[in-house]
Amino acid sequence: MSHDSSLISAQVRHVEALLEQRGLLDAGEIDTRIDEFLAGGTPANGARIVARAWVDPGFASRLLADANGAIREIGLSMAGGLQEQRLKVVANTDGEHNVVVCTLCSCYPIALLGPSPGWYKSEAYRSRVVRDPRGVLREFGVELPAGTQVSVWDASAESRYLVLPRRPEGTEGLAEDELAALVTRKGLIGTAAV
Amino acid sequence: MTPRTDRFAVGDRVRTRTVDVDGHTRLPRYARGAVGVVVQPAGVHPLADDRARGVSGPPQTVYHVRFAAADLFGAGDHTVTVELWNDYLTPVEGP
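Just so you know, these numbers come straight off a predicted model, no measurement behind them. (Residues numbered from 1 in each chain as written. Chains lettered and ligands numbered in written order. Predicted model: local features only at pLDDT ≥ 70, side-chain atom pairs only at ≥ 80, totals over all residues. Heavy atoms only, no water.)

Comments concerning the overall build of chain A
The following threshold applies: Elements are defined by DSSP. Helices are runs of H or I of four residues or more, strands are runs of E of two residues or more, and each kind is numbered from the N terminus. Under the scheme applied here, a residue whose accessible area is under 20% of the maximum for its type counts as buried, over 50% as exposed, and between as partly exposed, the area being computed with a 1.4 Å probe on protein chains only. For the purpose of charge, His is not counted, nor are the chain termini; Lys and Arg are scored as positive and Asp and Glu as negative. Here the site of a charge means NZ on Lys, CZ on Arg, CG on Asp, or CD on Glu.
The secondary structure content of chain A amounts to 11 helices and 4 strands. Viewed in the frame of its principal axes, chain A has a C-alpha envelope of about 60 × 35 × 25 Å. Within chain A, the proportion of its 194 residues that are buried is 46%. Separation of charge centres in chain A, based on 20 positive and 25 negative side chains, amounts to 5 Å.

In structure tokens form, the structure reads like this:
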């Protein structure tokens with residue numbers, strides 16, 4: 001977790017200042033690049049993807065087979081960073097619940113969803129959810145039946161992950177945008193049911 | 001161009017290497033020396049260990065490899081799926 005007073009923040013500021021002094025970076029260039037990277041990234045994108053998958057089974061199957069191609073159909077992309085990242089969507093079912101972590105750092109589909117929540121980057125979450133996902137999920141208020149298979153996905157390489165939650169019961173009459181409003185960021189990571 | 005042939009197929013059993021590398025790696029320590037099953041290829045990328053050292057090597061296939069938690073931690077009824085570069089993996093023969 002970065003704080004302005006931490007050693008790593010001081011080191012980063014020092015390197016940034018050196019790069020600026022030597023003319024390798026314009027003042028403020030890093031902030032501009034970060035702003036560009038984050039522009040348009042919000043959990044609402046993930047919610048749109050999920051709602052479309054709930055109402056359109058064809059889209060859902062394309063999403064699970066080739067998420068990068070499927071999200072382009074609704075005007076979204078994983079190409080917001082330096083290169084397009086591979087997106088892998090994992091679907092919750094009656095018998096399986098998925099949860100995403102990056103144990104080595106904090107890999108997350110930032111270009112699509114915006115910055116990750118603080119707890120996602122915490123050592124506590126990263127170290128515990130691979131060993132005891134049921135216990136961690138319980139702390140998030142998700143109580144899974146004993147028969148539900150829990151699948152943890154560790155983003156240790158170049159893919160980024162999105163969980164496709166199960167559509168809640170009793171939502172048959174809702175429109176797509178109303179369905180999207182039900183989807184939370186935690187649901188997209190797997191630490192909430194929806 | 002000849003199509004790339006992946007070394008492992010979906011369903012293959014693989015063992016991860018046990019080396020304690022002297023530098024950056026993307027094989028998490030908890031998954032060292034463990035046997036898992038390939039569930040899907042996950043793209044073709046230069047080895048992160050090399051990139052971190054400024055060494056360029058040919059891109060290689062990355063795989064989603066699923067492990068039973070009990071095989072990693074000695075307990076747990078869940079699975080953990082890790083993305084692993086070809087170089088981290090050796091085939092496991094037999095059932």
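Moving on, there is more to tell.
Side note on the pattern of salt bridges
Counted only if it meets this: Should a side-chain nitrogen of Lys or Arg be within 4 Å of a carboxyl oxygen of Asp or Glu, the pair is scored as a salt bridge.
Enumeration according to the criterion identifies 11 salt bridges over all chains in this entry. Across the pair R128 of chain A and E139 of chain A runs a salt bridge whose closest N-O atoms are separated by 2.7 Å. Pair noted here: R128 of chain A is in helix α8 (residues 123-131) and E139 of chain A is in helix α9 (residues 133-139), with a separation of 11 residues, a long-range link. The salt bridge involving R134 of chain A is made with D77 of chain B; its shortest N-O contact spans 3.2 Å. Of this pair, R134 of chain A sits in helix α9 while D77 of chain B sits in the loop between α2 (69-73) and β4 (79-85), placing the two residues on different chains. By relative accessible area, which is 47% here, D77 of chain B ends up partly exposed.

Regarding the interface of chain A and chain B
How large an interface is tends to be reported as the accessible area lost when its parts come together. For clarity, the threshold we go by: Contacts: residue pairs with any heavy atoms within 4.5 Å of one another. Accessible surface is computed with a 1.4 Å probe, and the buried area is the amount of it that two parts give up when combined, taken over both parts together. In protein, a polar contact means a hydrogen-donor-capable atom and an acceptor-capable atom, both N or O and within 3.5 Å, with residues adjacent in sequence counting only if both atoms are side-chain atoms; elsewhere, any N or O pair within 3.5 Å suffices.
Counting from both sides, the interface comprises 22 residues of chain A and, opposite them, 22 residues of chain B. Counting each side, the surface lost to burial between chain A and chain B is near 1,900 Å², with a carbon and sulfur contribution of 45%. Considering only the surface of chain A that becomes buried against chain B, R86, S156 and E158 of chain A emerge as the three largest contributors, covering 27% of it. Counting across the chain A and chain B interface gives 1 salt bridge. Where chain A touches chain B, the interface holds 16 residue pairs in polar contact (both at pLDDT 80 or more).

Description of the state of the cysteines
Put plainly, two cysteines are in a disulfide when a covalent bond ties their sulfur atoms together. All names here are of chain A. The condition that has to hold: By convention in this document, the label disulfide applies to cysteine sulfur atom pairs within 2.5 Å.
Taken as a whole and assessed by the stated rule, the structure comprises 0 disulfides over all chains. Between C105, a free cysteine, and C102, which holds the nearest cysteine sulfur, the sulfur-to-sulfur gap is 3.5 Å. Residue classification places C105 among the partly exposed positions, given a relative accessible area of 37%. For the unlinked cysteine C107, the closest cysteine sulfur is that of C105, found at 3.6 Å.

Description of the sheet that holds strand β5 (residues 89-91) of chain B
Applied cut-off: For two strands to pair, DSSP has to find at least two bridges joining them. Orientation is described by lines fitted to C-alpha atoms, with helices fitted over the stretch in contact, and by angles between N-to-C directions that extend from 0 to 180 degrees.
Overall, mixed pairing links the 7 strands, which are arranged β2(A)-β3(A)-β4(B)-β3(B)-β2(B)-β1(B)-β5(B) in an open sheet. With one partner strand each, in any of the chains shown, β2 (96-101) of chain A together with β5 of chain B form the two edges of the open sheet. Each neighbouring strand pair of the sheet contributes to a mean axis angle of 35°, computed without reference to strand direction. The pairing of strand β2 (residues 35-45) of chain B with strand β3 (residues 60-68) of chain B spans 6 bridges and is antiparallel. Following the sheet pairing, Q40 of chain B is matched in β3 of chain B by H64 of chain B. Strands β2 and β3 (149-154) of chain A together with β4 of chain B of the sheet are contacted by α8 of chain A, whose axis makes an angle of about 150° with β2 of chain A.

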